[in-house]
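This is what each chain is made of:
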Amino acid sequence: MKTDLTDTTSSKINKALVLGRRAIGTPAVGMVLTLVIVTDEENAYDALKAANEASREHPSRTLVVIKRVSRSPRDRSKARLDAEVRLGADASTGETVVLRLYGEVGDHAQSVVLPLLLPDAPVVVWWPVNAPTDPAKDPLGALAQRRVTDTYASEQPIHELTARADAYTPGDTDLAWTRITPWRSMLAAALDQVVCEVTSAEVEGEEFNPSVELLAMWLAERLKIPVRRSKSSGPGLTSVRMETSSGPIVLDRPDGSLATLSIQGQPDRAVALKRRDTAELIAEELRRLDPDDTYATALRFGLERLDEEAAVTAPDLDVETAAEPAPEAAAEPAAPAAKPGAKPAAKKAPAKKAAAK
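About the criteria used
- Residues numbered from 1 in each chain as written.
- Predicted model: local features only at pLDDT ≥ 70, side-chain atom pairs only at ≥ 80, totals over all residues.
- Heavy atoms only, no water.
- Core = buried A, V, L, I, M, F, W, Y, C linked by side-chain atoms within 4.5 Å.
- Buried < 20%, exposed > 50% of the residue type's maximum accessible area, 1.4 Å probe, protein only.
- Helix = DSSP H or I, 4+ residues; strand = E, 2+ residues; numbered from the N terminus.
- Contact = heavy atoms within 4.5 Å.
- 1 Å grid on protein atoms, 1.4 Å probe; cavity = no way out; pocket = protein on both sides within 12 Å on 5 of 7 lines; lining within 4 Å.
- Points joined across faces, edges and corners; volume = space filled by probe spheres on them.
- Nonpolar A, V, L, I, M, F, W, Y, C, P; charged D, E, K, R; others polar.
- pLDDT = per-residue confidence, 0-100.
- Pairing = 2+ DSSP bridges.
- Axes fitted to C-alpha atoms, helices over the stretch in contact; angles between N-to-C directions.
- Expected span 1.5 Å × (residues − 1).
- Phe/Tyr/Trp six-rings, centres within 6.5 Å; stacked < 30°, edge-to-face > 60°.

J.: Would you explain the nonpolar core in this entry?
T.: Nonpolar side chains in soluble globular proteins tend to be buried together. Formed by 40 residues in total, the largest nonpolar core has its most connected members in Val203, Leu214, Leu215, Leu219 and Val227. A per-element tally of this core places helix H8 (residues 210–223) first, with 8 residues. Non-local contacts of Leu215, meaning those with residues more than four positions away in its chain, are made with Ile180, Trp183, Arg184, Leu187, Val203, Leu237 and Val240. Judged by nonpolar contacts, the second largest core, of 26 residues, contains Val65, Val105, Leu116 and Val123.

J.: Can you walk me through unusual backbone geometry in this structure?
T.: Trans is the prevailing form of peptide bonds, just as negative phi is the prevailing case for residues other than glycine. Residue Asp7 is not a glycine yet carries a positive backbone phi of 50°. Position of Asp7 relative to the elements: it lies in the loop between strand E1 (2–5) and helix H1 (10–23). The phi torsion at Asn130 lies on the positive side, around 55°, for a residue other than glycine. Assignment of secondary structure puts Asn130 in the loop between strand E6 (123–126) and strand E7 (146–149). According to the relative accessible area criterion, Asn130 is exposed, its value standing at 67%.

J.: Just to check I follow, could you spell out the layout of surface pockets for this structure?
T.: Here the idea is plain: a probe the size of a water molecule rolls over the atoms and shows the empty space left. The space that makes up the second largest pocket amounts to roughly 290 Å³. Asp46, Ala47, Trp126, Pro128 and Thr278 are, among the 18 residues lining the second largest pocket, the residues nearest its centre. At 6 residues, the largest contribution of residues to the lining of the second largest pocket is made by helix H2 (residues 41–54). Looking at the lining of the second largest pocket residue by residue, the classes come out as 9 nonpolar, 2 polar and 7 charged.

J.: How should the confidence of the model for the chain be read in this particular structure?
T.: Parts of the prediction with low pLDDT should not have their coordinates interpreted in detail. Chain-level statistics for the chain give a pLDDT mean of 83 and a share of 82% at 70 or above. Scored below 50 in pLDDT, residues 312–357 shows 18 contacts in the model against residues more than four places distant or in partner chains.

J.: What is the right way to read the sheet that holds strand E14 (residues 269–272) from this model?
T.: Sheet strands pair via backbone hydrogen bonds, and the direction of the pair is either parallel or antiparallel. Reading across from one edge, E10-E9-E11-E12-E13-E14 is the order of the 6 strands in this open sheet, with mixed pairing throughout. The sheet terminates laterally at strand E10 (227–232) and E14, the two strands that pair on one side only. Averaged over neighbouring strand pairs, the angle between their axes works out to 15° when direction is ignored. The sheet contact formed by strand E9 (residues 198–206) and strand E11 (residues 237–244) spans 7 bridges and is antiparallel. Each residue of the ladder has a partner; that of Glu204, found in E11, is Ser239. Against the sheet, helix H7 (residues 181–192) contacts E9, E11, strand E12 (249–252), strand E13 (258–263) and E14, and its axis sits at roughly 25° relative to E11. Those strands touched by H8 are E9, E10 and E11, and its axis lies near 170° from that of E9.

J.: Would you mind showing me how to read H2 here?
T.: An α-helix turns once every 3.6 residues. As a result, residues three or four positions apart point the same way. If you check H2, its first and last C-alpha atoms are 20 Å apart, about what 14 residues at 1.5 Å a residue would give, namely 20 Å. Looking at the buried positions of H2, the neighbouring elements they touch are strand E2 (33–39), strand E3 (60–67), strand E4 (80–86), strand E5 (95–102), E6 and helix H9 (278–285).

J.: Can you help me understand the packing of aromatic side chains in this one?
T.: The relative placement of two aromatic rings is captured by the distance of their centres and the angle of their planes. On inspection of all chains with the given rule, the structure shows 2 aromatic pairs. Centre to centre, the rings of Tyr168 and Tyr295 are 6.0 Å apart; their planes meet at 65°, and the pair counts as edge-to-face. Here Tyr168, found in the loop between helix H5 (157–166) and strand E8 (172–174), pairs with Tyr295, found in helix H10 (residues 293–299); they are 127 residues apart in sequence, far enough to count as distant. Grouping residues by exposure puts Tyr168 and Tyr295 together as buried. Look at Trp177 and Tyr295: their rings are 5.6 Å apart centre to centre, the planes differ by 55°, and that puts the pair in the tilted class. With Trp177 in helix H6 (residues 175–178) and Tyr295 in helix H10, this residue pair connects regions lying 118 residues apart in the sequence. Exposure class is identical for Trp177 and Tyr295. Each is buried.

Below, the structure is given as structure tokens:
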């Protein structure tokens, strides 16, 4: 059931919701939360489709806030609110209200959304694209217990990660972090199978993918080890290699669907590790409404600190730089020359390590 309202108000939208529930024979409100989607016209369809699929697991009232851009100064001076109310089969298992804001009312979206929130129910705000730098200080973000962004959809994903760390508030989360949940579970399960000490790790993935950085920071923070990142053609994350005292542990996913887990002394195992769509990611985030402390700790670890610690154990030194002795090691006897074709043992060279710091 669809109801179109032109030049309307929040009270008229609430009345249309009540009349619509009575018309389809479900007068009771069975939603568990309010999901507010802040997007543009271009991405509204995909975001709403993902929210409708997620509502099968989390019945919710979905409010889609679309701020329309007026083309002429005359239109920009006119404030107008159009709404589309969807109930029943058109809104999956919940209720959907598409709000289109014109003119000055777009600057006060919170005054339109506030009367439409479900009473005594949690509020989640999701920005599929164009998320604010500080979601908690955004007028709509201030209404929510959880604020979901996606740095992967931003123009400068790695720069956005740093901004998210500086402005983090309990309740913030990122779909780039949600995407690595299966990876974190699989790596933790692999370490439970062997008794060993992890000395270093390498995370491989496509360029400008914030999930690669977040997984590397999580490993570095939890295991207290240096982690290096390397680029691949994707898709997404492709490989994680951990060097341990019992041999390497490798989780490799070259095709984006099936991964191979290799542990020293054990046969290789195929693992289902497919890339998940947006509906699955949103459904996972709606399962918990408390602050994600693990995400906060990994995010605040810092990209700069990750680079510094990775450079200590795996520096990319050219021949001339490697030949120069460090100032602290000038008085020490020279180390024996390495054999042709041998790999540089950067970790065992105290002179290089001191210079890298």
